[in-house]
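# Commentary on secondary and tertiary structure
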Amino acid sequence: MDDKMIGRTFAFALAIAFFPSPSHAQPQHRLPSGYKWGRCLLVVHGETRISGRCSYQIEKGGDFNIQGPKQVFAGIDYPDTHSGAGEMSKDYWAVVYKDGDLWAGYGNADIRDTHGEAGDWGELRREGACYAGKDVRVCLWR
C-alpha cells in the first residue's frame, strides 16, 4: 500500500470516527399516531410558553392541540395506564376548539399540569395561522 492510499484510508477512518452517527445525533422524539412536528407560538397573559418547534394534532372540523417540544406521551415515553391517574406532562400544551360558531381554547399553566388552568380563554378570533383572545395568542404553522 503506498503512502497516498494510507493517507486516504486514515482520512476516511477519521471522518467515520467524528461524523455524528444516528445514535449520536439529537434523538427524534416519537409522536403518537396522528401527531406531526410543526412550529407554534403560545403566549398567555404576556408569558411566552411555546415558541418554535412543537408537535400538533388537527381533528376533523379544525380543532387542534399543540404540545411543547419536551412533551411526553403515554404509551411512548412512559407506560399507558388507560386510567388518567398515570398521566404526566413535561411541557406546555394548548387546545383550540370550535364552540358553536365561535373558537375557544385552554391550556396548562404549569408544565407539570395534565389538566387545563381554571376557566378557558374565552372567545378566540382567527388571524391567519393564529387564534387570539383577550390574554392569549395560539399559532400553528405546519
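Nothing here was measured: the structure is a model prediction, and the numbers come from that model. (Residues numbered from 1 in each chain as written. Predicted model: local features only at pLDDT ≥ 70, side-chain atom pairs only at ≥ 80, totals over all residues. Heavy atoms only, no water.)

## A closer look at the sheet that holds strand β6 (residues 125–127)
Taken together, the eight strands give an open sheet; going across it, the order is β5-β4-β3-β2-β1-β8-β7-β6, and neighbouring strands pair in antiparallel fashion. In the strand order of this sheet, the two ends are held by β5 (102–107) and β6, each with one partner. The average angle at which neighbouring strand axes cross in this sheet is 25°, direction not considered. Here nine bridges tie strand β1 (residues 36–44) to strand β2 (residues 47–58), and the two strands are oriented antiparallel to one another. Considered in β2, the bridge of Leu41 is made with Ser51. (Pairing = 2+ DSSP bridges. Helix = DSSP H or I, 4+ residues; strand = E, 2+ residues; numbered from the N terminus. Axes fitted to C-alpha atoms, helices over the stretch in contact; angles between N-to-C directions.)

## Looking at the pattern of salt bridges
Within this structure, the stated rule accounts for five salt bridges. Notably, a salt bridge pairs Glu47 with Arg49, separated by 3.3 Å at the nearest N-O pair. Judged by relative accessible area, Glu47 falls into the partly exposed class, the value being 33%. Here the salt bridges share partners, and the residues they tie into one network are Glu47, Arg49 and Glu117. (Salt bridge = Lys/Arg side-chain N within 4 Å of Asp/Glu carboxyl O. Buried < 20%, exposed > 50% of the residue type's maximum accessible area, 1.4 Å probe, protein only.)

## Thoughts on the state of the cysteines
Note on terminology: disulfide describes a covalent bond linking the sulfur atoms of two cysteines. Evaluation of the coordinates by the stated rule reveals two disulfides. Residue pairing for Cys130: its cysteine sulfur links by disulfide to Cys139, the two sulfurs lying 2.0 Å apart. Taking the sign of the torsion about the S-S bond as the criterion, the disulfide between Cys130 and Cys139, at about 105°, is right-handed. Assigned by exposure class, Cys130 and Cys139 land together as buried. Taking only the cysteines that form disulfides and numbering them from first to last, the protein has the pattern 1-2, 3-4. (Disulfide = S-S within 2.5 Å.)

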